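Listed below are the residues making up each chain.
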Amino acid sequence: MFSPTVLVTYAIACLVLAIVPGPNVTAIIGNALTRGTKAGIAVVLGTQVGVLSMVVVIALGMQALVAFMAWAFDWIKLLGAAYLIWMGIGMLRASGRLAAGEVPAEKSLWRLALEGCLILWSNPKALIFLGAFIPQFVTRDVPAAPQVLVLGLIFMIIAGTTDALYAVLAGSARHFLTRTRIRLLNRVSGLVLIGGGIWLALQKKTLAA
């Protein structure tokens, strides 16, 4: 379904995107700092469920859209590349701040997992982002839905691993995740994302006239 080159490129892109702190990472770190590593991992599991549900929505929507408007396929991917560039610019401007607000003293792991899922779905940018990123690696040669599902699962594995690492680091080494380090991470990731978006846009050689 995918060539090794495409998979490697996609995996690297997923890694860069997954390590960039967002609302879900903030929740993971905040809970790991206040309640311990297990609480952070519980939030990770919840966000993973949220990502899976979003991937299913994207897969079904992409398949239906391609079947209904095949001519729009390349335009959708081009708009997605533009959105990635816009996200990269936002990362360059980010302050690197990771706020952790006050939280109740008692919460079950199930409740933390549910909150992780709700945090992901409460952020519309997450669905828009996944909808812009994953289709960049989808081709017309085979049905879109299976491709989106496979790519989505790969993203889940990579993002779940990095999120879990954040939880472990926050739970065991509170002073590791400094604002300076997060800011540097944002800068590097923003540049990579902008470069990747430009590269993907230049690959769209089959745009409809």
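The written sequence of each chain sets the order in which its residues are numbered from 1. In keeping with the predicted nature of the model, local features appear solely for residues at pLDDT of at least 70, side-chain atom pairs appear and are counted solely at 80 or more, and the whole-chain, interface and lining totals rest on all residues. Water and hydrogen atoms play no part in the side-chain values, which are based on all heavy atoms of the structure.

### A closer look at the side chain of Gln147
Inclusion rule: Counting from the N terminus, the helices are DSSP H or I runs at least four residues long and the strands are E runs at least two residues long. Relative accessible area decides the class of each residue, using a 1.4 Å probe on protein chains only: under 20% of the type maximum gives buried, over 50% gives exposed, and in between gives partly exposed. Under the rule applied, a polar contact is a pair of N or O atoms within 3.5 Å (in protein, one hydrogen donor and one hydrogen acceptor; residues adjacent in sequence only if both atoms are side-chain atoms).
Looking at the element boundaries, Gln147 is found in helix α7 (residues 144-172). For Gln147, a relative accessible area of 0% translates into the label buried. One polar contact links the side chain of Gln147 to the main-chain carbonyl oxygen of Thr139, over a distance of 2.8 Å.

### Details of the confidence of the model for the protein chain
Our working definition: pLDDT is a residue-level measure of predictor confidence that goes from 0 to 100. The contact criterion used is simple: two residues touch if any of their non-hydrogen atoms lie within 4.5 Å.
For the protein chain, mean pLDDT is 75; residues scoring 70 or higher make up 68% of the total. pLDDT under 50 marks residues 99-104. Its contacts with residues more than four places away, or in other chains, come to five contacts. With pLDDT under 50 throughout, residues 205-209 is counted as low confidence; its partners more than four residues away or in other chains account for six contacts.

### Some details on the packing of helix α1 (residues 4-18) against α7
Operational definition: Under this scheme, a helix contributes an axis fitted over its contacting stretch, all axes are lines through C-alpha atoms, and angles between N-to-C directions fall in the 0 to 180 degree range. Orientation is classified from the angle alone, with under 35 degrees giving roughly parallel, over 145 giving roughly antiparallel, 65 to 115 giving roughly perpendicular, and any other angle giving oblique. Crossings are sorted by hand: turned counterclockwise from the far helix by less than a right angle, the near helix makes the crossing left-handed, and turned clockwise it makes it right-handed. Charged residues are taken to be Asp, Glu, Lys and Arg, nonpolar residues to be Ala, Val, Leu, Ile, Met, Phe, Trp, Tyr, Cys and Pro, and polar residues to be all remaining types, Gly included.
Relative orientation of the contacting elements α1 and α7 amounts to 40°, with a least axis distance of 9 Å. The angle between α1 and α7 falls in the class oblique. Classified by chirality, the crossing of α7 by α1 is right-handed. When α1 is examined against α7, the residues Leu7, Tyr10, Ala11, Cys14, Leu15 and Ala18 are found in contact with a partner set consisting of Leu151, Gly152, Ile154, Phe155, Ile158, Ala159, Thr162 and Asp163. Among the residues making up the contact of α1 with α7, the classes are represented as 11 nonpolar, two polar and one charged.

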